[in-house]
Structures are given as structure tokens and as C-alpha cells.
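Below, each chain spelled out in residue letters.
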Amino acid sequence: MSAMSYALADSATMLRRNLTHARRYPSMSVGVIVMPTILLLIFKFVFGGALEKSSGGNYIDYLAPGMLLMVPAYITASVAVSIATDTSKGIVNRFRTMGITQSSMLTGHVVGALLQAMGGIVLMAAVSLLIGWRPDADIVEWVAAFALLSFTIFGLNWLAVALGLLSPNPEGASNIVFPIIMLPFLGSGLVSTDTMPVGLRQFAEYQPFTPITETVRGLLMGTEIGNNGILSLAWCAGLTIVGFCWANSIFRRQTD
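As a starting point, this report considers the structure included with it. Every chain begins its residue count from 1, and numbering advances along the sequence as written. Only residues with pLDDT of at least 70 get local features here, since the model is predicted, and only at 80 or more are side-chain atom pairs given and counted; chain-wide, interface and lining totals rely on the full set of residues. Side-chain measures here rest on the full set of heavy atoms in the structure, leaving out hydrogens and waters.

### A look at the packing of helix α7 (residues 104-130) against helix α8 (residues 139-166)
Inference 1: Only the stretch in contact is used when a helix axis is fitted, and all axes are lines through C-alpha atoms; the angle between N-to-C directions ranges over 0 to 180 degrees. Helix and strand assignments follow DSSP, with helices taken as H or I runs no shorter than four residues and strands as E runs no shorter than two, numbered in order from the N terminus. α8 packs onto α7 with a crossing angle of 135° between their chain directions and a minimal axis gap of 9 Å. Taken together, α7 and α8 sit at an angle that is classed as oblique. α7 and α8 meet at a crossing whose hand is right-handed. Residue-level contacts link L106, T107, V110, A113, L114, A117, M118, I121 and V122 of α7 to F146, L149, S150, I153, F154, N157, W158, V161 and L165 of α8.
Inference 2: The residue makeup of the contact of α7 with α8, split by class, is 15 nonpolar, three polar and no charged. By definition in this entry, angles of less than 35 degrees are roughly parallel, angles greater than 145 are roughly antiparallel, angles of 65 to 115 are roughly perpendicular, and the rest are oblique. Two helices that cross are described as forming a left-handed crossing if the nearer one is turned anticlockwise from the farther one by less than a right angle, and a right-handed crossing if clockwise. Should any heavy atoms of two residues lie within 4.5 Å, those residues are counted as being in contact. Three residue categories are used. Nonpolar comprises Ala, Val, Leu, Ile, Met, Phe, Trp, Tyr, Cys and Pro, charged comprises Asp, Glu, Lys and Arg, and polar comprises the others, including Gly.

### Concerning the nonpolar core
Inference 1: Side-chain atoms within 4.5 Å link the members of a nonpolar core, which is a set of buried Ala, Val, Leu, Ile, Met, Phe, Trp, Tyr and Cys residues. Relative accessibility thresholds used throughout: buried, under 20% of the residue-type maximum; exposed, over 50%; partly exposed, between the two (1.4 Å probe, protein chains only). Ranked by size, the top nonpolar core spans 65 residues in total, and within it L106 and V161 carry the most contacts.
Inference 2: Of all the elements in the fold, those that place two or more residues in this core are α2 (27-45), α4 (59-67), α5 (70-89), α7, α8, α10 (178-182), α12 (209-221) and α13 (228-255).
Inference 3: Ranked by the residues each element gives to this core, the list is headed by α8, at twelve residues.
Inference 4: Apart from the residues within four sequence positions on either side, V161 is in contact with V79, I83, L106, V110 and A247.

### So, the side chain of S188
Inference 1: With respect to the element layout, S188 can be found in the loop between α10 and α11 (198-206).
Inference 2: Exposure remark for S188: the relative accessible area of 3% places this residue in the buried category.
Inference 3: Side-chain atoms alone can form a polar contact between residues adjacent in sequence; in general such a contact is a pair of N or O atoms within 3.5 Å, and within protein one must be able to donate a hydrogen while the other accepts it. Within the structure, S188 has its side chain in polar contact with the side chain of E214 (distance 2.7 Å).
Inference 4: If we skip the residues at most four places from it in the chain, S188 touches Y62, T193, T210, T213, E214 and R217.

### Here we look at the pattern of salt bridges
Opposite charge on two side chains permits pairing when their charged atoms draw close.
Inference 1: When a carboxyl oxygen of Asp or Glu lies within 4 Å of a side-chain nitrogen of Lys or Arg, that pair is called a salt bridge. Scanning the entire structure with this criterion turns up one salt bridge.
Inference 2: The partner of R217 in a salt bridge is E214, and the shortest N-O contact between them spans 2.7 Å. Of this pair, R217 and E214 both sit in helix α12, three residues apart, roughly one helical turn.
Inference 3: With a relative accessible area of 3%, R217 lands in the buried category.
Inference 4: Take E214: its relative accessible area is 17%, and that puts it in the buried class.

### Some details on the layout of surface pockets
One water molecule sets the probe size; rolling that probe over the atoms shows where empty space is left.
Inference 1: Empty space within the second largest pocket amounts to approximately 170 Å³.
Inference 2: Around the second largest pocket, the lining residues are Y62, S188, S192, T193, D194, T210, E214, R217, T223 and N228.
Inference 3: Here the lining of the second largest pocket gets three residues from one element, more than from any other, and that element is α12.
Inference 4: Taken together, the residues of the lining of the second largest pocket break down into one nonpolar, six polar and three charged. A cavity here means a set of points on a 1 Å grid, drawn over the protein atoms and nothing else, where a 1.4 Å probe fits but cannot get out; a pocket is an open set with protein on both sides within 12 Å along at least five of seven lines, and a residue lines either one if it has an atom within 4 Å of a point. Grid points are joined across faces, edges and corners, and a volume is the space filled by probe spheres set on the points.

### Overview of the environment of L148
Inference 1: Within the secondary structure layout, L148 lies in helix α8.
Inference 2: Spatially, the C-alpha atom of L148 lies 7.7 Å from that of L233, the residues being 85 residues apart in sequence.
Inference 3: With near-sequence residues (within four places) excluded, L148 lies in contact with I212, T215, V216, S232, L233 and C236.

### Section: α8
Inference 1: To estimate how far a helix should extend, the number of its residues minus one is multiplied by 1.5 Å. Between its first and last C-alpha, α8 extends 41 Å over 28 residues, near the 40 Å set by a 1.5 Å rise per residue.
Inference 2: Its side-chain oxygen 3.2 Å from the backbone nitrogen of V140, D138 forms the N-cap of α8.

### So, the environment of G132
Inference 1: Positionally, G132 belongs in the loop between α7 and α8.
Inference 2: Taking C-alpha positions, G132 is 9.8 Å from A64, a pair spaced 68 residues apart along the chain.
Inference 3: Discounting residues that sit within four places of it in the chain, G132 has contacts with N58, I60 and D61.

### Considering α7
Owing to its 3.6 residues per turn, the α-helix brings residues three or four apart onto one side.
Inference 1: With 27 residues, α7 should cover 39 Å at 1.5 Å per step; its first-to-last C-alpha distance of 39 Å lies within 8% of that length.
Inference 2: Once α7 finishes, G132 follows within two positions and takes phi at roughly 120°, a positive value.

### Description of a nonpolar patch on the surface
Inference 1: The residues that make up patches have over 30% relative accessible area and no salt bridge, and they are joined within 9 Å when like-charged or within 5 Å when they are Val, Leu, Ile, Met, Phe, Trp or Tyr. In these tables, accessible area is a Shrake-Rupley quantity obtained with a 1.4 Å probe, and a residue counts as shielded only by the protein chains included in the view. Together, V30, V34, M35, I38, L41, I42, F45, V46, F47 and L123 line one region of the surface with nonpolar side chains, adding up to about 810 Å² of accessible area.
Inference 2: Looking at the nonpolar patch element by element, the count peaks at seven residues for α2.
Inference 3: For M35, the position within the fold is in helix α2.

### Comments concerning the packing of aromatic side chains
Inference 1: Only centres within 6.5 Å qualify two rings of Phe, Tyr or Trp (six-membered ring in Trp) as a pair; their planes then separate them into stacked at under 30 degrees, edge-to-face at over 60, and tilted for everything else. The tally for this structure, following the rule as stated, stands at four aromatic pairs.
Inference 2: Their ring planes at 80° and their centres at 4.9 Å tell us that W158 and F244 sit as a pair that is edge-to-face. Of this pair, W158 sits in helix α8 while F244 sits in helix α13, placing them 86 residues apart in sequence.
Inference 3: You can call W158 buried: its relative accessible area is 3%.
Inference 4: Whether a charge sits over a ring comes down to the Lys NZ or Arg CZ being within 6 Å of the ring centre and within 35 degrees of the ring normal. Geometry around Y62 places R217 over its ring, the cationic atom sitting 3.8 Å from the centre.

All quantities given are derived from atomic positions and should not be read as evidence of function.
Next comes the structure, spelled out in C-alpha cells:
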């Protein structure tokens, strides 16, 4: 077998390990997957009436595409905590004594969280449809929207891995990703950026979640995408490259 084949096989093994842990200890995974759906229901039924005007129509049609981005943000907490738990409990030292590709542990966490997050997105989409969301998208646009969401999750997961490796313990890891979790609230996911004060509007328009949200909304609801599609892909690629390189650099320093 080639080195690439060994790396893929080792990553698959680590993926099974992480999915097994998620099944046996579901509290963290369920929390970060279900919480965004709970927030969707709160914004729809508690704040929806007051926010109807800012959406320019049925608020759930504006809200649902933006809330889908909550899942990628929230799953970063699970990734960071899982990585910090592994490093703090010494399991990495055991892996070092085994004939496996060292970075496969990181890949297993990233791909495992990706699968869990996509399950959360499917759950949120189903709940949104039940409470009145009516997307205007064909099968190609649905596939494109889910592909972009997957790319977003993948990039954010690698960034969360790097932050988890920097954390001294799982508790610190759960706090270090808080700025990422807040970003969807400070973008165009819940209300239009035009309703925000000048300083906040400028921040919202230039942070990564806004172009990604507008692209997903455009694909699913038929709104104008403009250059948001290109910006979204650029942000996702940048997050993936930076997160991957940063995480592997930290991991190599910690295991040398």
C-alpha cells in the first residue's frame, strides 16, 4: 500500500472511533446539533412577529437559510472539546507508539463532526419545512447549497481543531470557539444588515458568514447572489487551508 492509502485507512479508523464516541456519549453532539434548531423555533415564534418587517415577507423564508449556518458554527465547540480531551488525556501518546499516520486523528475528528453537522442541517431543514418554510429551489440548487454548507463545516472544523490543540483542557476549548459561534448572529442570517448601525453593518458585511448566508439564501430562495458566491468559496477555501496548516503545525510540535 502507498503512503496515501495508509493515511486514508488510518483516517477511516479514526473516523469510526469518533463516531463510536459520539454514539456512546451523545450529550455534546446532541447539544450542538439540536440547539440551532431550538433557536430557529425561538426566533420564529417569539421574535418572528416583530422581525417580520425586516424580512420583507414571510420571516421563516428569510430566517431558515440563515439559521442553517448556525449548525457549522455550533459544531466547532464539539470539535474543539473532543480534540482537547484527546490531548489532555494522553491518548495521543499512545497513538504515537502505534504504526498509524499521526494526522489521521485530526482528520477523523473533522470528518466525524462534518457528518454529524450535516445530520443537524437536515434536521433543521425538515423542521423549517414543517413550520412554513417554502424554498424555491430545484435539485441542482439544493445540492449546491448543501455542498457549500459542507465546505463551510469542513473549513470551520479544521480551524476548531487548531483552537482545540491550543487549549490546555476541554473547558478552555469550549470557550475559545465562542467568537465563531457568535458570528452568525452578527451577520445577515437573522435580519438584513441594512437595519444595523453603521459600525456593526460594516463588520457584518465583511465577515465570512454573511456572503455564505446570502449564497445559501440565493440558491434556496431565488434571491440575488451577486459576488457572494465567489466570496463564499474564497472564505471556505481560506478557512480550510489556514485551519489545516495551523492544526497540523501545532500537532507536529506537540508530538515531536
